[in-house]
Amino acid sequence: VQNIIALAFDFDDTLGPDSTGGFLENIGLEADRFWSECAGLHGDGWDSVPAYLYKMLKESKTREPGRRITREALQAWGRQVGFFKGVGGVFKLLEAHAHEINPAIEVEFYLISSGVGEILRSTRIASHFKEIWACDFEYDQAGEIEFPKRIISFTDKTRYLFQICKGIVGAEFRNRPFEVNRSFAPEDLRVPFAQMIFVGDGYTDIPCFSLVRKQGGVAFGVYDPARKDKWHRAWKYVEDQRVTNLAPADYRKGAALTQNLMMAISRIAANMRPAGL
């Protein structure tokens, strides 16, 4: 066990507006119609995440060459993606808070999303994350999307929490998908769940909320204050005791969510008792 606090985020509607929907609008599609058509596939047994990846592939193939969905187009959109207030500065703010408690404590940031990895790895905040796990496509010789090669949905997200816990992160593990199944003694875990914080907003985050909370960590639910249609869902997470607390997705210094994150770091740090504390 090391003196590390792991803070894992979802992305869409957690750190910023829906990045995939924004991309679809940018290439001329109506995002609401696209998501409605994806939901229509549920009746045929489709899971929601493979459904949207399939619909993206299908849409791309119907387009003329030069207008299809490519790696380059996804990356270009990622560089334009916007964030909720304060996101750009919250990482250094939380690191500084941990170091004020004890310089021996390190805060690591992770991104676990059901969105498109090519977009998320191209954002302006990507460099703050030790690892980014998201859905990925295989691309053909023209750079066009060809097939999903990684799908992250619901309980799939918890796999990556276990990887954080066991220290299975970094480039050396990206071609070793079965490594996560290896057993570790409690004393050999790099970041126990009790030293984790998970922040998310949606249905795909529920398994992570539950796992982190049951194992002694902290789970925060967030909501976009501009989207009243999602407030009821967010409050339901509190009623069902899925999350430790709920706050608007505002990451500015002094905002309720940022204060909650700082208090969680303080509480975890107090229980860690690293050298010198």
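To keep things clear, this report deals only with the structure shown in the data block. (Residues numbered from 1 in each chain as written. Predicted model: local features only at pLDDT ≥ 70, side-chain atom pairs only at ≥ 80, totals over all residues. Heavy atoms only, no water.)

On to the packing of helix α5 (residues 87–101) against helix α10 (residues 256–272). Close contact between α5 and α10 brings their axes to 10 Å; oriented N to C, the two are set at 30 degrees. α10 is crossed by α5, and the crossing has right-handed handedness. Counted together, V90, L93, L94, H97, A98 and I101 of α5 and T258, L261, M262, I265, S266 and A269 of α10 form the full contact between these two elements. In the contact of α5 with α10, the residues fall into 9 nonpolar, 3 polar and no charged. (Axes fitted to C-alpha atoms, helices over the stretch in contact; angles between N-to-C directions. Helix = DSSP H or I, 4+ residues; strand = E, 2+ residues; numbered from the N terminus. Left-handed = near helix turned anticlockwise from the far one by under 90°. Contact = heavy atoms within 4.5 Å. Nonpolar A, V, L, I, M, F, W, Y, C, P; charged D, E, K, R; others polar.)

This part takes up the pairing of strand β1 (residues 4–9). Remark: a regular strand shows side chains that alternate across the two faces of the sheet. Across the 6 residues of β1, 6 count as buried, placing the element largely inside the fold. Residues I4, A6 and A8 line one face of β1 and the alternating positions I5, L7 and F9 line the opposite face, and both faces are buried. Here β1 pairs with strand β2 (residues 106–116) via 6 bridges, running parallel. For L7, the partnering residue across the bridge sits in β2 and is F109. (Buried < 20%, exposed > 50% of the residue type's maximum accessible area, 1.4 Å probe, protein only. Pairing = 2+ DSSP bridges.)

Quick look at the packing of aromatic side chains now. Under the definition given, this model contains 12 aromatic pairs. A ring pair is formed by F11 and F83, whose centres lie 6.2 Å apart and whose planes are at 80 degrees; its orientation type is edge-to-face. Within this pair, whereas F11 is found in the loop between β1 and α1 (19–26), its partner F83 is found in the loop between α4 (71–78) and α5, the two being separated by 72 residues in sequence. By relative accessible area, F11 is classed as buried at 0%. Relative to F109, the ring of F91 has its centre 5.0 Å away and its plane inclined at 80 degrees; by these criteria the two rings are edge-to-face. Taken as a pair, F91 in helix α5 and F109 in strand β2 lie far apart in primary sequence, 18 residues in all. Here the two residues F91 and F109 agree in accessibility, since each one is buried. (Phe/Tyr/Trp six-rings, centres within 6.5 Å; stacked < 30°, edge-to-face > 60°.)

What follows concerns helix α3 (residues 48–62). Taking 1.5 Å as the rise per residue, α3 with 15 residues should run 21 Å; its terminal C-alpha atoms sit 21 Å apart, in good agreement. Tucked inside the fold, the buried residues of α3 contact α1, α2 (31–40), α4, β2, β3 (131–139) and β4 (145–150). (Expected span 1.5 Å × (residues − 1).)

Another aspect to go through is the nonpolar core. Counting 83 residues, the largest nonpolar core has F9, M56, L161, I164, I197 and Y251 as its most contacted members. With 8 residues, the top contributor of residues to this core is α10. If near-sequence neighbours (up to four positions away) are discounted, L161 is found in contact with A8, I112, F193, M196, F198, C208, L211 and V212. (Core = buried A, V, L, I, M, F, W, Y, C linked by side-chain atoms within 4.5 Å.)

Another point: the packing of helix α7 (residues 156–166) against helix α8 (residues 206–214). Where α7 meets α8, the axes come as close as 8 Å, and the angle between the chain directions of the two elements is 40 degrees. Looking at the two axes, α7 sits oblique to α8. Our pair here, α7 against α8, has a crossing hand that is right-handed. Between α7, through K157, T158, L161 and F162, and α8, the contact on the second element is made entirely by P207, C208, L211 and V212. Split by residue class, the contact of α7 with α8 holds 6 nonpolar, 1 polar and 1 charged. (Parallel < 35°, antiparallel > 145°, perpendicular 65-115°, else oblique.)

Next up on the list: the pattern of salt bridges. Following the criterion strictly, the structure yields 15 salt bridges and no others. Of the charged contacts, one joins D136 and R121 as a salt bridge, the two residues approaching to 2.9 Å between their closest N and O atoms. Residue D136 is found in strand β3, and its partner R121 is found in the loop between α6 (117–120) and β3; the two are separated by 15 residues along the sequence. Residue R121 is classed as partly exposed on the basis of its relative accessible area, which comes to 37%. Here D250 and R252 are joined by a salt bridge, their closest N and O atoms 2.6 Å apart. (Salt bridge = Lys/Arg side-chain N within 4 Å of Asp/Glu carboxyl O.)

What follows is about the side chain of T158. One can find T158 in helix α7. A residue is classified by how much of its surface remains accessible, and T158, at 14% relative accessible area, is buried.

In short, geometric facts, not functional conclusions.
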